[in-house]
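# Structural overview for review
For reference, the chains in residue letters:
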Amino acid sequence: MLYLSLIVLIPLAAVVWHAGAGGPGAFWAAVRTPDSWSALVLTLGASAVVAVVNVVLGTVVAWVLVRDDFPGKSIVDTLIDLPFALPTIVAGLVLLALYGGSSPLHVDIAYTRLSVVVALLFVTLPFVVRTVQPVLRELDRDMEQAAYSLGAGRWVTWRRIVLPNLLPAMLSGAGLAFTRAIAEYGSTNLITGNIPLRTQVASVNIVGRIESDNTAAAAAVSTALLAVAFVVLVALDLVQRWGKRHD
Amino acid sequence: MRRRWVLAGVVAAVVGGAAGCAGVAPSATGDKVVLSLVAYSTPQAAYEKLIAAFQKTDAGRNVSFTQSYGASGDQSRAVAAGLKADIVAFSLEPDITRLVTAKLVDPSWNSDQYKGMITDSVAVIGTRKGNPKNLNDWDDLTRPGVQVLTPNPFVSGGAKWNILAGYGAKSDKGKDPAAGGAYLKALFANVPVQDSSARASLQTFTGGKGDAIISYENEAIFAQQNNQAIDYTVPDATILIENPIAITANSAHPVQAKAFLDFLHTAAAQKIYAEAGYRPVVAGVGGPTFPAPAKLFTIADLGGWSKVNKDLFDPMVSVMASIEQGLGVATSVAPSTSASPTAK
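Figured I'd write up the structure that's included with this text. (Residues numbered from 1 in each chain as written. Chains lettered and ligands numbered in written order. Predicted model: local features only at pLDDT ≥ 70, side-chain atom pairs only at ≥ 80, totals over all residues. Heavy atoms only, no water.)

## Examining the environment of A:Val55
Residue and element names in this part refer to chain A. Counting through the fold element by element, valine 55 comes out in helix α3 (residues 34–67). Placed 112 residues apart in sequence, valine 55 and leucine 167 show a C-alpha to C-alpha distance of 9.7 Å. The contacts of valine 55, once residues within four sequence positions are left out, are Val128, Met170 and Ala174. (Helix = DSSP H or I, 4+ residues; strand = E, 2+ residues; numbered from the N terminus. Contact = heavy atoms within 4.5 Å.)

## Some points on the pairing of strand β1 (residues 33–40) of chain B
As a general feature of sheets, a regular strand has side chains that alternate between the two faces. Residue and element names in this part refer to chain B. Burial analysis of β1 places eight of its eight residues in the buried class, the great majority of the element. Because side chains alternate across β1, one face comprises the buried residues Val33, Leu35, Leu37 and Ala39, and the other comprises Val34, Ser36, Val38 and Tyr40, equally buried. By the bridge criterion, eight bridges tie β1 to strand β2 (residues 63–70) in an arrangement that is parallel. Note on β2: the bridge partner recorded for tyrosine 40 is glycine 70. For the handedness criterion, the β-α-β arrangement of β1, helix α2 (residues 44–54) and β2 is classed as right-handed. Bridging between β1 and strand β3 (residues 87–89) involves three bridges; their strand directions are parallel. The residue of β3 that forms the bridge with alanine 39 is alanine 89. (Buried < 20%, exposed > 50% of the residue type's maximum accessible area, 1.4 Å probe, protein only. Pairing = 2+ DSSP bridges. Right-handed = clockwise from strand over helix to strand, strands pointing away.)

## Looking at the packing of helix α8 (residues 141–149) of chain A against helix α9 (residues 154–182) of chain A
All names here are of chain A. Contact geometry of α8 with α9 gives a least axis separation of 10 Å together with a crossing angle of 150 degrees. Comparing the axis directions of α8 and α9 gives the class roughly antiparallel. When the axes of α8 and α9 are compared, the crossing they make is right-handed. Here Met143, Glu144, Ala147 and Tyr148 of α8 come into contact with α9, specifically with Arg154, Thr157, Ile161, Val162 and Asn165. Within the contact of α8 with α9, the residues separate by chemical class into five nonpolar, two polar and two charged. (Axes fitted to C-alpha atoms, helices over the stretch in contact; angles between N-to-C directions. Parallel < 35°, antiparallel > 145°, perpendicular 65-115°, else oblique. Left-handed = near helix turned anticlockwise from the far one by under 90°. Nonpolar A, V, L, I, M, F, W, Y, C, P; charged D, E, K, R; others polar.)

The structure is reproduced here in structure tokens:
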């Protein structure tokens, strides 16, 4: 508990405390500044999209890695974690080279809102894969066999047998991806172009507040992110508990 | 990345602090001293050469250095928050002023004949090789269809120089604020990317985005030295960029720090700066020559930093704040040419 306090709780409390130092009026004014508000909306929206896409595609990837066999599978399995290892500023540079104006793939999405989503997808992909994979591996295949033998089709088996077992892992993976996405700085900083009110994400906006020596406003915007992340994590936890009760 | 730089600075400070203690204590090797240099990142290569040259002089023989480089504002805030430093070198004066306010730099820091400055530069217009769109002056940058890169002045303190250059040129050195504001509004309608630092902006440009980039002369020279395909023009009317340096008030080795500062003002040291693309503050040091813009102006001509920070760069109410906010509103109605059809 002491460890938790020193590493997590006290720093977080300090941010919230600093944000509230000017009173609720100053806090709200900082958050509602047009550029900050727009950055928050963009960040949270993009992160939500990313979490949903990752839940679906991350589960598919995990499924393929666990249930299918193909040459080079173990290599692919190792590659999944690389976005974690790559400094995100490098990720941003690579994405910019691939999907920017001089794209060898002829995909030019740099400096648009779509680029925010693409950068976040890249950075957060491992979360859902890595949370779903072990659960899927441990999943008792006898249950599926039983379902099939009782005449259930593939889809029904998946929906009634596999999905309920995977759901907690999928949700916690989504929670991790979402919270990681809202704080992302390095990759989004490069590929989005940082146009205020259009493509500037919250983390870049916060850096701007710090650069302007307005740390209270920076803390206020950060606290708004923390609050949303907290609510989302609690909500996901509640969904899981509710799911368990209905098992 | 910035946070990581600060972290690196903190680590450097811890190491430097430990080394500093070792320097104070009498040791077998005599009176060796470790100075901590905290600087902004662009002159890093120059400082590495300058330190090596200083260590060849009598004054510098027993002095070694810990060096920390990062974004100017971040470095200044790190020192204000306790990062140990003997010498601080920043890209613009307000970063020193912050330390004067914190009583970490003596208020008389800029009373020498160089007004506390160690290098100069000017704001320039960088273009593609051969300048295919013929962009030579501030007015050319507001032509329809021209894309101009400059960092976001609220995120990058150094980018204020770029904006002040165009603003001062079009407002008769600040005498006509309305004209200057109108120019900046037209300019930012042509800015498709606002990077978070001068170097990131240069990377975006060399990566293929934009027709022109507003940058510092030393950055353009740096890019050319690194074989980047970039040309640049020094506009007739542009701002003199002045980079400050100071000794901290709590330096453990003020004598050696002063000796290093004196060395940096020698002709030999100023020539090293010049070779790295900076304009020397000492005349006649040799090395590369720099064109003299006919209508050069300074931050003092515009009323000083406190005035321009308030009038142009206040995040809530200022010329740039309203331009940036208007930009978002305007572009959400009519997407600029830079937005691809896939943009949401």
